[in-house]
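Spelled out from the first residue to the last, the chains are:
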Amino acid sequence: MGTDNGLKRIYLDNAATSWPKPPEVYEAVDHWQRTNGTAVGRGVYDTALETGRLVLDARRAVAQLLGASDPSRVVFTLNGTDALHLAIQGLIRPGDHVVTTVVEHNSVLRPLRQLADGRGVAVTHVGCDAEGIVAAEKVIGALNSKTKFVVVAHASNVTGALQPVAEIGAELRRRGVTFVVDAAQTFGEIPFTAEELSCDLLAAPGHKGLLGPLGTGVLYVRPGVEERLMSIRTGGTGSESNSTKQPTTMPDKFESGNLNVPGIVGLGAGVRWLQARGVAQVRRHAQTLTLRLCEGLSRIQGVRLLGPRDVERRLGVVSIAIDGYDPQEAAAVLAGSYGIETRAGLHCAPLMHKALGTDSGGGTLRLSTGPFSTESEIDAATAALGDLTASQ
Ligand SMILES: Cc1ncc(COP(=O)(O)O)c(C=O)c1O
């Protein structure tokens, strides 16, 4: 695959959305669109029933990946942001207190800010260390008698640093405080189950590590949590249609209106591909590439690597600051002269960049690997960055 200027395309922006997807994903979407195309949960004819089975298969695959036996615990959403909204807005009541961290993406920071500005919600942002890691004790230390829930990213989308969510979750479970995990960067990237994290709600895009199409996301709801989670999106579900009240059954309580079936069918294929490959294998591949990338980058003078060096404590999401280079300018040169697609700027994580001291310089340049990234692509990126700094 080439770029407009004839260069071989090297995609290193998998933290934004994964590409390419496994061939099975494209095939599943194309096949369903051409041969079926019906709404789910509405009709009794064969194609509609088939769509129902496909959506259930996708739900089951996502649930299995999380170690959940009941597929109805998985709610399909529009993306990671939408899943976080269902969790945050559904839990919050005026006067509540929420604990979060400076590591978070704006998909957590902005809804909380709006609630703080307009609905009298108090929010505590726990800080991180120089590697961008939050200490579990600090999160627990920020709780007070009004804390309704804690929301923490499983890993930073800026530094790739893994956060101690299992430790935080275990203590919150002991204290009976609701725990929301933003697994946008980790679901499908590292092996874990919902119970290992002791989370009550887990939000993730379907289009990153789960390898589904854009426009997909999931919210896992631990059994019983739906009773204290208000539905913020009410409407037609194809079930209990004689009533004007929103159903209370899972997942209908949180899924109103026609689902993104083509996206979900593709998501199901992506997750089945992951199950066959094994998330542990995907993780090993990412670690091999990350190690190679970090070693290559650390040999370039003028490049500063952010986040932990140890690949056990990080993902294949690597941010760098380049002396004398605006990150946007560096990204433009990489794309225009080398066909290398990266992401520059603040990555929708303003407090993280502030904590790292990279906000004033326009953020960082982020390179992020995917399951189809190769060693030669990593070497090409390192060589291009070497050229770039040498030509200054
Ligand atoms: C940590 C984190 N949370 C949430 C999101 C939002 O996901 P989406 O783009 O699917 O809404 C992202 C996306 O980059 C992310 O990195």
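First, a word on scope: everything that follows refers to the structure included in this document.

Calculation rules
- Residues numbered from 1 in each chain as written.
- Predicted model: local features only at pLDDT ≥ 70, side-chain atom pairs only at ≥ 80, totals over all residues.
- Heavy atoms only, no water.
- Helix = DSSP H or I, 4+ residues; strand = E, 2+ residues; numbered from the N terminus.
- Buried < 20%, exposed > 50% of the residue type's maximum accessible area, 1.4 Å probe, protein only.
- Salt bridge = Lys/Arg side-chain N within 4 Å of Asp/Glu carboxyl O.

## Some details on unusual backbone geometry
A negative phi angle is the norm for most residues apart from glycine, just as the trans form is the norm for most peptide bonds.
Step number 1: For the peptide bond that leads from Trp19 to Pro20, omega is -5°, which places it in the cis range.
Step number 2: Looking along the chain, the bond that leaves Met250 and enters Pro251 is cis, with omega of -5°.
Step number 3: Along the polypeptide, Pro251 turns up in the loop between strand S8 (217-221) and helix H8 (261-277).
Step number 4: Backbone geometry places Leu211, a non-glycine residue, at a positive phi of 70°.
Step number 5: Following the sequence through the fold, Leu211 ends up in the loop between strand S7 (201-205) and S8.
Step number 6: Owing to a relative accessible area of 1%, Leu211 belongs among the buried residues under this scheme.
Step number 7: Of note, His347 is a non-glycine position whose phi angle comes to about 50°, a positive value.
Step number 8: Tracing the chain through its elements places His347 in the loop between strand S12 (343-345) and helix H11 (350-356).
Step number 9: Of the residues examined, His347 reaches a relative accessible area of 9% and is grouped as buried.

## Here's the deal with the pattern of salt bridges
Step number 1: Going through the model one piece at a time under the given rule, you end up with 19 salt bridges.
Step number 2: Residue Arg34 pairs with Asp30 through a salt bridge whose shortest N-O separation is 2.9 Å. On the criterion of helical spacing, the pair formed by Arg34 and Asp30 is a turn pair, its members being 4 residues apart in helix H1 (residues 23-35).
Step number 3: Between Arg222 and Asp200 there is a salt bridge, and its shortest N-O distance comes to 2.9 Å. With Arg222 in the loop between S8 and H8 and Asp200 in the loop between helix H7 (194-197) and S7, the pair connects residues that are 22 residues apart, well separated along the chain.

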